[in-house]
Each structure stands twice: as structure tokens, then as C-alpha cells.
Amino acid sequence: MPTCSEARASLLSLLRGVEHFNTEIFPAKQNLFAALADGQSPNALFIACADSRINPSLITQTEPGDLFILRNIGNIVPAYGEMLGGVSSAVEYAVAGLGVSAIIVCGHSDCGAMKALLAPEKSGLDKMPTVRRWLRNAEAARAALGDLKAEDAGPANVRSLSEQNVLLQLSHLKTHPAVVAGMARGTLFLQGWFYDIGTGEITILDEQTRKTTTIAEAISHLEAEPA
């Protein structure tokens, strides 16, 4: 836990960042923000973990207004009707209200939520009952890996679980009425990603084959499809 002095310094750093934004960044992008002042029309809903190391706009090289971003512990989307609330309403609003044409579910390496699923006794979940209940929405991904023990929670298995979790959340998305309707119209695409923090590499998770493909392969496949 931070000391009082460290907590004060963290807040001060944020305030100085806002000051820099107001004096340097905003003036340079004033036209962009003026265009955004009266509304938004993002192209995609980006569902990511709340992990501080994940920056959706940076890894997709997008500007404010391009992404409708939904973040939570473990990039989880409860099946429709299980937990109607912030996640379900964000998905519904993104698709039915804003008309996004893509939904990305992005998992990542070294994910604390996945580590907690693999080794709950080491993660302190007993002191975080709300987190423990939330992670039940990823239990099926954990089951897909078989009988693993706490000592098996190394980088490779954390990655495997993160990938299984992305695939699971994509299947959960398909229980949401707005998503089903958009896919039926052919105006909404779903895709799962895995982001390796240490290398910057993003791979695409194929729901049918349950294997990964590269960004280059995904681009080539989409460009080859008829418009």
C-alpha cells in the first residue's frame, strides 16, 4: 500500500498531466475536439481488461471518438441475463445506440484475473469477494484447461487461459440480443485478440479453429473478402 506522501504525489502527477493537456495537447488538437463536442460515432466497441498496462487507443493507433471502450477485471462479458448492469448496458448501447460495426475482446499476457483463476489461494481472492464472484463468469475458460494446480500458473498457462477466456467472452456476447441482431444483418463483426505486453504482438483468436492467426493474416483475409 502507498504511503500518504506517495498517494499525494500520485494525485499531483495526474493534475500536472491535466495541466499539460490543457496547455499543450488540447490546443494542438482543437479541431478534433470541436468536431467531437456535439456527439460521437465510434467504429468499434473495444472490451479490454482494466489492467493499467493496456492502452486500447495506443495499440490500435486510434484517436478520441474512434473507440467505445469497455474495461473491467478480466475483459469479461457475462452472458445476457446473468448480470444485467454496466457491461450489458454498454454492449447494448454500443450496438443499438451508436451502431458500432465491430466488437473486439482483448485479453493480455500476465493477466492478474487469469492468475487468480489458476491459483485463487495465492491471489488473495478470499479478501476480495466481489472480484471472486465476478470471475465466475470466466470459470468455463478455466475448466477448458483441465486439472491444473496452483504451481502451474506460469506464463504459458496464463496465456492459454487468457486466450480461452477471450473465446468464452465472445460466446457470451452472442447471447446479447443487440449483438445477435447486428450479426444477423451482417453489419457487426466480432473478433478476439491476445496482446503480449512484453513484445507488443497482437494475435487474432479464431473461434472456429481455436487457433491464433497473425494481424497480417487477418488483414489479408478481410481484404480478400468481397465488399
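Note that the structure is a prediction, hence the values are computed from the model and not measured. (Residues numbered from 1 in each chain as written. Predicted model: local features only at pLDDT ≥ 70, side-chain atom pairs only at ≥ 80, totals over all residues. Heavy atoms only, no water.)

1. Notes on helix α10 (residues 177-185)
Each turn of an α-helix holds 3.6 residues, which means side chains three or four residues apart point in the same direction.
And step 1. Every buried residue of α10 is accounted for by Ala178, Val179 and Gly182. Along the axis of α10, the buried positions cluster into a sector of 100°, meaning they face one direction only.
And step 2. Lining the buried residues of α10 we find α4 (86-97), β3 (102-108), α9 (155-173) and β4 (189-195).
And step 3. Immediately downstream of α10, the backbone of Gly186 shows phi near 80°, a positive value. (Buried < 20%, exposed > 50% of the residue type's maximum accessible area, 1.4 Å probe, protein only. Helix = DSSP H or I, 4+ residues; strand = E, 2+ residues; numbered from the N terminus. Arc of directions from axis to C-beta. Contact = heavy atoms within 4.5 Å.)

2. Overview of the sheet that holds strand β6 (residues 212-214)
And step 1. A sheet is described by the order of its strands in space; here six strands give the open sequence β2-β1-β3-β4-β5-β6, paired in mixed fashion. Whereas interior strands pair on both sides, the edge strands pair on one side only; in this sheet they are β2 (67-72) and β6. Neighbour to neighbour, the strand axes of the sheet diverge by 30° on average, direction disregarded.
And step 2. The pairing of β3 with β4 spans seven bridges and is parallel. Among the inter-strand pairings, Val105 is bridged to a residue of β4, identified as Gly192.
And step 3. Sitting on the sheet, α9 touches β1 (44-49), β3, β4, β5 (202-205) and β6, and the angle it makes with β4 is about 165°.
And step 4. Seen against the sheet, helix α11 (residues 215-224) touches β5 and β6 and runs at an angle of roughly 80° to β6. (Pairing = 2+ DSSP bridges. Axes fitted to C-alpha atoms, helices over the stretch in contact; angles between N-to-C directions.)

3. Some remarks on the pattern of salt bridges
And step 1. Throughout the structure, instances matching the rule amount to six salt bridges.
And step 2. The closest approach of N and O atoms between Lys29 and Glu63, which form a salt bridge, is 3.0 Å. Here Lys29, found in the loop between α1 (4-28) and α2 (30-36), pairs with Glu63, found in the loop between α3 (56-60) and β2; they are 34 residues apart in sequence, far enough to count as distant.
And step 3. Judged by its relative accessible area of 33%, Lys29 is partly exposed.
And step 4. Of the charged contacts in the structure, one is a salt bridge between Arg53 and Asp51, with a shortest N-O distance of 2.7 Å.
And step 5. The class for Arg53 is partly exposed, based on a relative accessible area of 36%.
And step 6. Salt bridges here are not isolated pairs; linked through shared partners, they connect Asp51, Arg53, Asp110 and Lys115. (Salt bridge = Lys/Arg side-chain N within 4 Å of Asp/Glu carboxyl O.)

4. Comments concerning the UniProt feature "binding site: Zn(2+)" (unreviewed entry) in the protein chain
And step 1. Summarizing the sequence annotation, UniProt attributes the feature "binding site: Zn(2+)" (unreviewed entry) to Cys49, Asp51, His108 and Cys111 in the numbering used throughout. These annotated residues cover 63 residues of sequence, and their C-alpha atoms lie no more than 9.1 Å from one another, placing them together at a single site.
And step 2. With respect to the helices and strands, the residue Cys49 is situated in strand β1.
And step 3. Note on Cys49: relative accessible area 5%, which makes it buried.
And step 4. Filtering out sequence-adjacent residues up to four positions away, Cys49 remains in contact with Ile54, Arg71, Asn72, Gly74, Asn75, Cys106, His108 and Cys111.
And step 5. For Cys111, the position within the fold is in the loop between β3 and α5 (112-118).
And step 6. If sequence neighbours within four positions are ignored, Cys111 has contacts with Cys49, Val158 and Ser162. (UniProt positions renumbered as here; feature names shortened; annotations may be inferred.)

5. Quick notes on the domain arrangement of the protein chain
And step 1. When cut into domains, the protein chain gives domain 1 (1-38) and domain 2 (41-222).
And step 2. In this structure, domain 1 and domain 2 have C-alpha centres spaced 28 Å apart. (Domains from an automatic or database assignment.)

6. Overview of the pairing of β4
And step 1. Burial analysis of β4 places five of its seven residues in the buried class, which makes it a mostly covered element.
And step 2. Relative to β5, β4 is paired through four bridges, and the arrangement is antiparallel. Counted as the bridge partner of Phe194 is Thr203 from β5.
And step 3. Once β4 ends, the chain turns through six residues before running back antiparallel as β5, passing Gly200 with a positive phi of about 80°.

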